[in-house]
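What follows is each chain in one-letter form.
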Amino acid sequence: MRAPILTPIFCLLFFLVAVVVHAQQAVVASPPSGCQNTSSETRVRIGDNHNILIGHVEIDCGDTKLYADQVEVFTDEDRTVATGNVVLSQANNRIAAERAEFNLKTKAGTFHNAWGIATIQPQKQAARRDAQPPVPTGQDTDVYFYGETIEKLGARKYKISNGGFTTCVQPTPRWQLASESLELNLDHYTMLRNAVFTVKGVPLLYTPILYYPTTRENRATGILLPTYGTSTLRGQSIHNAFFWAMDRSQDSTFMHDWFANTGQGFGSEYRYNFGGGSDGNVRAYLLNEHEATYTLDDGTASTLPGTRSYEIQGGASQQLPFGFHARGRVNYFSSLTTMQTLHTNISDASRNQRSYGANLVGVLNGFSINGTFDHSEYFYSASDSSATTGSWPRVTIARIERPLFGSQFYYSVNSEFARLLRSSRVGTVELDSGLTRLDTTPQIRFPFKKWSWFTVNSTASVRDTYYTRSLDLTTGSVADEGLNRRYFEFQSQLVGPTFTRVWNTPDNGYAEKFKHSIEPFLTLGRTTAIDNFNRIVQLEGIDAIVGSTTRYSYGVNNRVYAKRRPAGTSSTAPGQAREIISIELVQSYYTDARAAQYDQQYATSFTGAPPSNFSPIALSVRALPADAINATMRAEFDSRYHSLRTISATGTYTRTNRLTSSVSWSKRAFIKELSGFDDPAHLDQYLTATTNAHTMDNHFGGIYSFNYDLLHSSMLMQRVTGFYNAQCCGLSFEYQAYNLSGVTSIAIPVDHRFFMSFTLAGLGNFSPFNGALSGAPR
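Residues numbered from 1 in each chain as written. Predicted model: local features only at pLDDT ≥ 70, side-chain atom pairs only at ≥ 80, totals over all residues. Heavy atoms only, no water.

Participant: For this particular structure, what's the right way to read the overall build of the protein?
Facilitator: Regarding its fold elements, the protein presents 3 helices and 44 strands. Here the protein holds 778 residues, and the buried ones make up 41% of them. Taking as baseline every contact in the protein between residues at least 6 positions apart, the subset at least 24 positions apart corresponds to 49%. For the protein, the accessible surface area stands at approximately 39600 Å², while carbon and sulfur atoms represent 57% of it. (Helix = DSSP H or I, 4+ residues; strand = E, 2+ residues; numbered from the N terminus. Buried < 20%, exposed > 50% of the residue type's maximum accessible area, 1.4 Å probe, protein only. Contact = heavy atoms within 4.5 Å. Areas by Shrake-Rupley, 256 points an atom, 1.4 Å probe, with all protein chains shown as cover.)

Participant: Quick question: what am I supposed to make of the pattern of salt bridges here?
Facilitator: Two side chains that carry opposite charge are able to pair once their charged atoms sit near each other. With the rule as written, the count across this model stands at 32 salt bridges. Linking Arg 394 and Glu 416 is a salt bridge whose minimum nitrogen-to-oxygen distance equals 3.4 Å. Pair noted here: Arg 394 is in strand 24 (residues 385-403) and Glu 416 is in strand 25 (residues 410-426), with a separation of 22 residues, a long-range link. Take Arg 394 and Glu 416: they sit in the same class, and that class is buried. Here Glu 540 ties to Arg 422 by a salt bridge, and the two come within 3.9 Å at their closest N and O atoms. One end of the pair, Glu 540, is in the loop between strand 33 (513-527) and strand 34 (549-564); the other, Arg 422, is in strand 25, and 118 residues separate them in sequence. (Salt bridge = Lys/Arg side-chain N within 4 Å of Asp/Glu carboxyl O.)

Participant: Got a minute to help me understand the packing of aromatic side chains in this structure?
Facilitator: By convention here, two paired aromatic rings are described through the distance between centres and the angle between planes. Overall, the coordinates contain 20 aromatic pairs when judged by the stated rule. Both rings, one in Phe 145 and one in Tyr 158, keep their centres 5.0 Å apart while their planes meet at 35 degrees; by these two values the pair is tilted. With Phe 145 in strand 8 (residues 141-154) and Tyr 158 in strand 9 (residues 157-166), the pair connects residues that are 13 residues apart, well separated along the chain. Grouping residues by exposure puts Phe 145 and Tyr 158 together as buried. An aromatic cluster is present here, built from Tyr 310, Tyr 332, Tyr 356, Phe 373 and Trp 392 joined pairwise through their rings. Against the face of Phe 74 rests Arg 79, its NZ or CZ located 4.2 Å from the ring centre. If you follow Arg 399 out to its NZ or CZ, it ends over the ring of Phe 367, 4.9 Å from the centre. (Phe/Tyr/Trp six-rings, centres within 6.5 Å; stacked < 30°, edge-to-face > 60°. Lys NZ or Arg CZ within 6 Å of the ring centre and 35° of its normal.)

Participant: Looking at this structure, how should I read empty space enclosed by the protein?
Facilitator: Take a probe with the size of a water molecule and roll it over the atoms, and the empty space left behind shows itself. In total, this model carries 6 cavities of 30 Å³ or more according to the counting rule given. In this structure, the second largest cavity encloses a volume near 100 Å³. Looking at the second largest cavity, it is lined by 13 residues, and the ones nearest its centre are Ser 231, Arg 234, Phe 259, Phe 755 and Asn 770. When residues of the lining of the second largest cavity are traced back to their parent elements, those giving at least two are strand 13 (222-231), strand 14 (235-247), helix 2 (336-342) and strand 44 (750-760). It is strand 44 that provides the largest number of residues to the lining of the second largest cavity, a total of 3 residues. For the lining of the second largest cavity, the residue count by class is 3 nonpolar, 7 polar and 3 charged. (1 Å grid on protein atoms, 1.4 Å probe; cavity = no way out; pocket = protein on both sides within 12 Å on 5 of 7 lines; lining within 4 Å. Points joined across faces, edges and corners; volume = space filled by probe spheres on them. Nonpolar A, V, L, I, M, F, W, Y, C, P; charged D, E, K, R; others polar.)

Participant: Can you walk me through the side chain of Arg 43 in this structure?
Facilitator: On the secondary structure map, Arg 43 appears in strand 2 (residues 42-47). Buried charge without a salt bridge: Arg 43, with Asp 48 as the nearest opposite-charge side chain at an N-O distance of 8.4 Å. Among the polar contacts made by the side chain of Arg 43, one reaches the side chain of Asn 51 at a distance of 2.8 Å. (Lys, Arg positive; Asp, Glu negative; His and termini not counted. Polar contact = N/O pair within 3.5 Å; in protein donor to acceptor, adjacent residues only side chain to side chain.)

Participant: Hey, could you run me through the confidence of the model for the protein in this one?
Facilitator: Any residue range with low pLDDT should be treated as having predicted coordinates unsuitable for detailed reading. With 86% of its residues at a pLDDT of 70 or more, the protein has an overall mean of 83. Under a pLDDT of 50 for its full length, residues 1-28 has, in the predicted model, 4 contacts with residues more than four places off or in other chains. A low-confidence stretch, residues 124-138 stays under pLDDT 50, and its non-local contacts, those more than four residues away or across chains, total 47 contacts. (pLDDT = per-residue confidence, 0-100.)

Participant: Before we go on, may I ask you to explain the environment of Tyr 410 in this structure?
Facilitator: Looking at where Tyr 410 falls in the secondary structure, it is placed in strand 25. For Tyr 410, the contacting residues outside a window of four places in its chain are Glu 401, Arg 402, Pro 403, Leu 404, Gln 443, Ile 444, Arg 445 and Pro 447.

Participant: What is the right way to read the pairing of strand 24 from this model?
Facilitator: Regular strands place their side chains on alternate faces of the sheet. In this structure, strand 23 (residues 367-379) lies alongside strand 24, joined through 12 bridges in antiparallel fashion. Paired with Asp 374 across the strands is Ser 391, a residue of strand 24. A loop of 6 residues connects strand 24 with strand 25, the two strands running antiparallel in sequence, and Phe 405 in this loop sits at a positive phi of about 55 degrees. (Pairing = 2+ DSSP bridges.)

Participant: How do you make sense of the nonpolar core when you look at a structure like this?
Facilitator: As a rule of thumb, soluble globular proteins bury nonpolar side chains together. Among the nonpolar cores identified, the biggest contains 43 residues, and Ile 59, Phe 111, Phe 145, Phe 165, Trp 175, Leu 177 and Leu 192 are the most heavily contacted of them. If you look at the next biggest cluster of nonpolar residues, it comprises 19 residues, including Leu 420, Leu 539, Val 546 and Ala 596. (Core = buried A, V, L, I, M, F, W, Y, C linked by side-chain atoms within 4.5 Å.)

See below:
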């Protein structure tokens, strides 16, 4: 009997509950402060400033979005507590966690059992450093991090406990760094404490503290990855470096090398680029080695004494007021043996010269001013004998050429003051033949250009030179007696008549037109008598002018031009004329046969050949058929013995910055008494080649180079460099073998060397001071 009464009551209660639930579902929660929108399946209001959002919760705060299964919002505190599939997205950064406390106003919070990803976008810099990620310039680097707790301290700053990070995308990263405490600052650095470095999940290295650069810039302060090496003399080696990015325009690198057999070395490098032609690079190295015993390939054991040596290399260029420019350079070492056994470049390994100098050049009120300090020392053995050359200083002031009284004649004046350094040392005996020279040369020039196919350029000059020292004809030594030399010189350069022919070839696929030009030329020169020629100390080319001599230089130039469109332009672009082949043949005749021994126009004039009225015949060829191909050749043939004096040829091929290959061949002969230039005991012939190939993105590549002695069928040097760069890491290696047994001044004539280095994205490697791995990208 009570059922009819209870049924309306239950229906009323059910209706009221349904209304309340429907009202809760229909009402969209008010967005927290600073957020545009908030949505969820269910909203439970606990208090005026306390709400619980349940089911597919999304809180949109502009560039920051928070997703979770459930979010508890405290609007008066701008604080949220999210649980279940928590995801925070902010620009290119994302964090996923099981639970999080997050402040929607400060965008800071703590995430539990979380992992995240952040993107580092590189910025362009005014100066660059070798240490950079092994990815193409301009690409983004993704950083993946995880931890029991991740505290988001700022927009791109995190503090991680019991976690780690990597830049690899693989499920099992190629490498990662794990740490108890990790501070990740994506715009600056990452600091790890009690860090473990693992490769493919295998722990390899522990360090109590590690500084890892994660800057947006390609240059970042930090420790660079070490390089491992081994060699015959120094055994195994570890090369370490610390890079300091001082600012956008300058940086420094501090290096330490450990050698298992000999000792250790310390080095530093400073670079700057202030723009406007002001830049420089200076490297210094100190090597402290103890006595070492090494074994050559033939089983011979030898001992190298301990030594403490240093080396300084560098150059600087500085723009100065009033249009002046200063340059400086240094390439100095204290031990020839150390320098030759340390460096991997064959040019350094066989080099026997140290030098330093500076130069100042500018134009002031129509005068060209050039001041130079230059000092070079050449060693003939390890330390017992050497020769010094240079100028200390050399000042040249020249009046720039200008018309004479408004006529077609031009005048100019050149003057030079030079204190020339010349000395030789054998053991403790030193012979000084240096002197001071003051030289003045006024000149008048008349150009005849009435016809384009025939030109004549005539000059008349007088040269007055004063030397503070001269030769004693009795003893042959340099005496402290001054000497003055004066002579007149007349010269005319005739070019033409020029013969040309043009071919139209619009459909050959190479060029629209070809032009062939034949230019015969003749240079006539007359030098008046120099009575005291035999007393002049001949230190440079201007000191070896032979008087009472008429010189005739004659030859012909063949040039071929092609009118073709530049590479990369459309088919409708106009063609541009370019020289593709140039062939020059030249010889000189002298009325005084001694002049052939001092003519600087020919490379073999100073080889000790006997006097001759004829110079060697010089042939020069240059070919540039395309932007990717460049070839040159020069040869000199002796006109008396009808034999080759010297020949050299070089060819280079380049393809879109992916392949560069160059080959050089040289053959040289030396005179021996009157037997000519074909004595096998006085010949040399070398072949040098280098090939550099890599993919467009520098994913992998290699470099191979060699120097081969064709005359003795001996490989002097081989050098192989390879590199592989993956998405987050890279590997570089180099193997070198050289055999300089024929060079008496080399301390270790035969050596084998191997170097290897790894690269992590964001943490670069470097090339050690000895030049190893210098060709690999870093």
